Amino acid sequence: MTEDTPRTDGGTEPAKEPAEDVALDPWGSASVGDYADLFAEFGIEAFDEIGGDVPDPHYLMRRGVIFGHREYDAVAAAMANDEPFAALSGFMPTGDPHIGHKLVFDELIWHQRQGGDAYGLIADLEAHAARGMSWPEIDEHARDYLLSLLALGFDPEAGTLYRQSDNREVQDLAFELGAKANFSEFEAIYGFDGETNVSHMQSVVTQTADILYPQLADEPKPTVIPVGPDQDPHVRLTRDLATRVRYFKVTEAFASFELDDDERHLVRAAYDALAGDVEDPETDVRCGDAAAWLAEYEPPEVSKPAVGDDDAGPSLADAKPSALKKLRAGGKEPLRPRVRFLDRNATEEAFEALIDAVEGEKRVFEGHVDAFDLSRETAESLAREVELDHGGFGFRQPSSIYHRFMTGLTGGKMSSSIPASHISLLDDPEDGYDKVKAATTGGRSTAEEQRELGGEADECPVYELYAYLLAGDDDGLAKEVYTECVTGERLCGGCKEQAAELMREFLADHQEKRAEAEALLEDLDIDLDSDRRGTGGEH
Ligand code: TRP
Ligand code: SF4
């Protein structure tokens, strides 16, 4: 992030709320007390730290609207190296698509243009089960979401659009994944209880299947899910399930016993310290010697969890007693680095095939194989290859990026139940103009005061409109508005007039493109008149 990049913490950082409000609820209200808490509580990482690795980043990335991620580095690397990757997001057809959804549409389209396989899906099963929408209502909204996505530039030839209810592969995958999830977990993650309807639970496994669906095509690949942070529980669950269905777990080991990440760190330190002083490091470093060394060793303060390991372990010092115990029990057993393939879900044939495929020195045990001449990386790809050849999925853990929620135009949350607080992509352009003109601002009470103190762009929903949407790719404009505002050169009346005109123009243009997209939509193989029977929804 360079000095002169416009940032838009711009009014998007609502007042801090108590930490217990941080719980992310996919079906609750879309607001977040403090974005920083999400990093600490849930292990979402700051986007800033990897932003520099993204080739030609999108303006939402440049302006800090996309603030967090999980393992997006894998996607950025694929993008930079011209390797396959995918982007997928889903939309619950419960109302009109609005300017908040536009962020996600744009993110999908951008990833598609960067060379990714892009997927947009209509979460109709979820809308029916979790929100009680009737099928006719769902059909109507589904059409509206798709038209806007196409109007903004999604290429349906290159990408994939589907409805959950129509996608047999997704439903089959949901069934497989559901076999690895249980109710207690849903209770803990989503607060489900005895009153939760069963189809709602099914819609959760359906979403995990959506998220992994791009990896069924061709080969497992890095996949990014652009969403609001309220969807993070689904991402976390899916990352877990993606691992749980794998045939083998590849770890690094040093002797017959298992180590956790922190213990492994300590044992490696001991091995490295001792291996230089013996004649043959393959046989002459003994567990007991390593224990003696480790007893004297003071581990550094922090432990860095391994990539793909979402749970930070205890500190290294905490791991010392257990590592010592294991080493002492090992006694004379040689300590020797190796990669270990643990059998998790493999078929017998797959396990045999893996044993055959391991090159170099190996040792086969009940339930695991140790390989002495393979790097961790080679071992990982071997495990995936064997799994894919024997009927498994070989999934990679999906990645995600999170954008900030927009503040409502009337202050507070943007809410679909308060029409003045948000702008629908279907709003009449004149209404859009009026809503912006009526928006609250970060301005001072008098023009005089504003000239003197400057406006509070960081607290201003109108500035947010510029940064998130109206300025588009034009960083110059976003920066100009910001700087002129905070230096007192810009007054709210004119600023809102300019924004309102841009909004009117955007909506008129978007709606024209939607009309053009009708023909495109007709040609697609997607059924917008579902003949599903069902209940009329909640009234
Ligand atoms: N649950 C999402 C929502 O409430 C919709 C959704 C379904 C989704 N499947 C998905 C989002 C897969 C991202 C990825 O809007
Ligand atoms: Fe917001 Fe513009 Fe007023 Fe600044 S000048 S507070 S950006 S409306």
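A brief report on the enclosed structure follows. From a predicted model like this one, the values you see are computed outputs, not experimental measurements.

What follows is about the site of ligand 1. The environment of ligand 1 is made up of 14 residues, and the closest members are Met92, Glu126, Gln207, Asp210 and Gln231. Residue glutamine 207 places a side-chain N or O atom 2.8 Å away from a nitrogen atom belonging to ligand 1. Here ligand 1 loses 92% of its free accessible area of 360 Å² to cover by the protein chains. Elements with a minimum of two residues in the shell around ligand 1: strand S3 (86-91), helix H10 (198-212) and strand S6 (223-227). Here the residues of the shell around ligand 1 sort into seven nonpolar, five polar and two charged.

Scanning all chains against the criterion turns up one cavity of 30 Å³ or more. When its volume is computed, the largest cavity comes out at roughly 110 Å³. Around the largest cavity, the lining is made up of 17 residues, and of these Thr441, Cys460, Cys485, Cys492 and Cys495 lie nearest the centre. When contributions to the lining of the largest cavity are tallied by element, the ones reaching two or more residues are helix H19 (461-470), helix H20 (475-486) and helix H21 (492-523).

This paragraph deals with the sheet that holds strand S4 (residues 117-122). Across the sheet, which stays open at both edges, the seven strands sit in the order S1-S2-S11-S6-S3-S4-S5 with mixed pairing between neighbours. Every interior strand has two partners, whereas the edge strands, strand S1 (45-46) and strand S5 (160-163), have only one. Two strands pair when backbone bridges link them, and strand S2 (residues 66-70) and strand S11 (residues 399-403) are joined in this way by four bridges, in the antiparallel orientation. Bridged to histidine 69 within S11 is isoleucine 401. This element, helix H7 (residues 135-151), spans S3, S4 and S5 of the sheet and lies at about 170° to S5. Along the sheet, helix H11 (residues 232-244) contacts S2 and S11; its crossing angle with S2, the most-contacted strand, is approximately 20°.

Turning next to the site of ligand 2. Residues in contact with ligand 2, as listed here, are Thr441, Gly442, Gly443, Gln450, Cys460, Val462, Tyr463, Cys485, Arg490, Leu491, Cys492 and Cys495. More than half of the atoms of ligand 2 fall within 2 Å of the grid points belonging to the largest cavity. Where the shell around ligand 2 is concerned, the elements lending two or more residues are H19 and H21. Grouping the amino acids of the shell around ligand 2 by side-chain chemistry returns seven nonpolar, four polar and one charged.

Following the criterion strictly, the structure yields 16 aromatic pairs and no others. Centroid distance tyrosine 119 to tyrosine 213: 5.7 Å. Interplanar angle 75°. Geometry classified as edge-to-face. Taken together, the positions of tyrosine 119 in strand S4 and tyrosine 213 in the loop between H10 and S6 put the pair 94 residues apart, joining distant regions of the chain. When sorted by exposure, tyrosine 119 lands in the same class as tyrosine 213, which is buried. Summarising the aromatic geometry, the rings of tyrosine 463 and tyrosine 482 are spaced 5.3 Å apart at their centres and angled 65° between planes, so their arrangement reads as edge-to-face.

Take the pattern of salt bridges next. This model, assessed by the stated rule, comprises 33 salt bridges. A salt bridge links aspartate 232 to arginine 236, with the nearest nitrogen and oxygen atoms 3.1 Å apart. You can see aspartate 232 and its partner arginine 236 sitting in helix H11, four residues apart, about one turn around the helix. Accessibility expressed as a relative area gives 0% for aspartate 232, which makes it buried. Across the pair aspartate 370 and arginine 340 runs a salt bridge, and its minimum N-O distance is 2.7 Å. Here aspartate 370 is found in strand S10 (residues 368-371), whereas its partner arginine 340 is found in strand S8 (residues 338-343), with 30 residues between them in sequence. On the basis of relative accessible area, arginine 340 is assigned to the buried category, the value being 0%.

Between its terminal C-alpha atoms H7 stretches 24 Å, which fits the 24 Å expected from 17 residues at 1.5 Å a residue. For H7, the tally of buried residues reaches 13 of 17 residues, placing the bulk of the element in the interior. Two residues or fewer after H7 comes glycine 153, characterised by a positive phi angle close to 120°.

With that settled, the discussion passes to the packing of helix H8 (residues 168-178) against H10. The interhelical angle for the contact between H8 and H10, taken along N-to-C directions, is 115°, at an axis separation of 8 Å. Relative to H10, the element H8 is oriented roughly perpendicular. The handedness of the crossing between H8 and H10 comes out as right-handed. Along its contact with H8, which presents Val170, Leu173, Ala174, Leu177 and Gly178, the element H10 presents Val205, Thr206, Thr208, Ala209, Asp210 and Leu212. Tallied by class, residues from the contact of H8 with H10 come to seven nonpolar, three polar and one charged.

The antiparallel open sheet is built from four strands, whose spatial order is S7-S8-S10-S9. Each edge of the sheet is formed by a strand with only one pairing partner; in this case those strands are strand S7 (248-253) and strand S9 (362-365). Across this sheet, the average inter-strand angle for adjacent strands is 20°, counted without regard to direction.

Before going further, it helps to examine a negative patch on the surface. On the surface, Asp166, Asp525, Asp527, Asp529 and Asp531 cluster together into a negatively charged patch. Secondary-structure assignment places aspartate 166 in the loop between S5 and H8.

This next bit is on the packing of helix H12 (residues 261-275) against helix H13 (residues 287-296). Relative orientation of the contacting elements H12 and H13 amounts to 105°, with a least axis distance of 9 Å. With respect to their mutual orientation, H12 and H13 come out roughly perpendicular. Contacts between H12 and H13 involve Leu266, Ala269, Ala270, Ala273 and Leu274 on the former and, on the latter, Asp289, Ala290, Trp293 and Leu294. Among the residues forming the contact of H12 with H13, the class breakdown is eight nonpolar, no polar and one charged.

On the secondary structure map, glutamine 498 appears in helix H21. Sequence separation between glutamine 498 and phenylalanine 67 is 431 residues, and the spatial gap between their C-alpha atoms is 27 Å. Other than its neighbours up to four places away in sequence, glutamine 498 contacts Tyr466, Leu477 and Arg490. Among the polar contacts made by the side chain of glutamine 498, one reaches the side chain of tyrosine 466 at a distance of 3.4 Å.

Right, let's talk about the environment of valine 245 for a bit. In this fold, valine 245 is placed in the loop between H11 and S7. We classify valine 245 as buried; its relative accessible area is 10%. For the pair formed by valine 245 and histidine 101, sequence separation is 144 residues and the distance between their alpha carbons is 32 Å.

The next subject is the side chain of histidine 234. Looking at the secondary structure, you find histidine 234 in helix H11. Judged by its relative accessible area of 1%, histidine 234 is buried. Residue contacts for histidine 234: discarding those within four places in its chain leaves Pro26, Trp27, Tyr190, Val204, Gln207, Thr208 and Ile211.

How each quantity is defined
Residues numbered from 1 in each chain as written. Chains lettered and ligands numbered in written order. Predicted model: local features only at pLDDT ≥ 70, side-chain atom pairs only at ≥ 80, totals over all residues. Heavy atoms only, no water. Near = heavy atom within 4 Å. Polar contact = N/O pair within 3.5 Å; in protein donor to acceptor, adjacent residues only side chain to side chain. Areas by Shrake-Rupley, 256 points an atom, 1.4 Å probe, with all protein chains shown as cover. Helix = DSSP H or I, 4+ residues; strand = E, 2+ residues; numbered from the N terminus. Nonpolar A, V, L, I, M, F, W, Y, C, P; charged D, E, K, R; others polar. 1 Å grid on protein atoms, 1.4 Å probe; cavity = no way out; pocket = protein on both sides within 12 Å on 5 of 7 lines; lining within 4 Å. Points joined across faces, edges and corners; volume = space filled by probe spheres on them. Pairing = 2+ DSSP bridges. Contact = heavy atoms within 4.5 Å. Axes fitted to C-alpha atoms, helices over the stretch in contact; angles between N-to-C directions. Sits in = over half its atoms within 2 Å of the grid points. Phe/Tyr/Trp six-rings, centres within 6.5 Å; stacked < 30°, edge-to-face > 60°. Buried < 20%, exposed > 50% of the residue type's maximum accessible area, 1.4 Å probe, protein only. Salt bridge = Lys/Arg side-chain N within 4 Å of Asp/Glu carboxyl O. Expected span 1.5 Å × (residues − 1). Parallel < 35°, antiparallel > 145°, perpendicular 65-115°, else oblique. Left-handed = near helix turned anticlockwise from the far one by under 90°. Patch = residues over 30% accessible without salt bridge, like charges linked within 9 Å, V, L, I, M, F, W, Y side chains within 5 Å. Lys, Arg positive; Asp, Glu negative; His and termini not counted. Charge placed at Lys NZ, Arg CZ, Asp CG, Glu CD.

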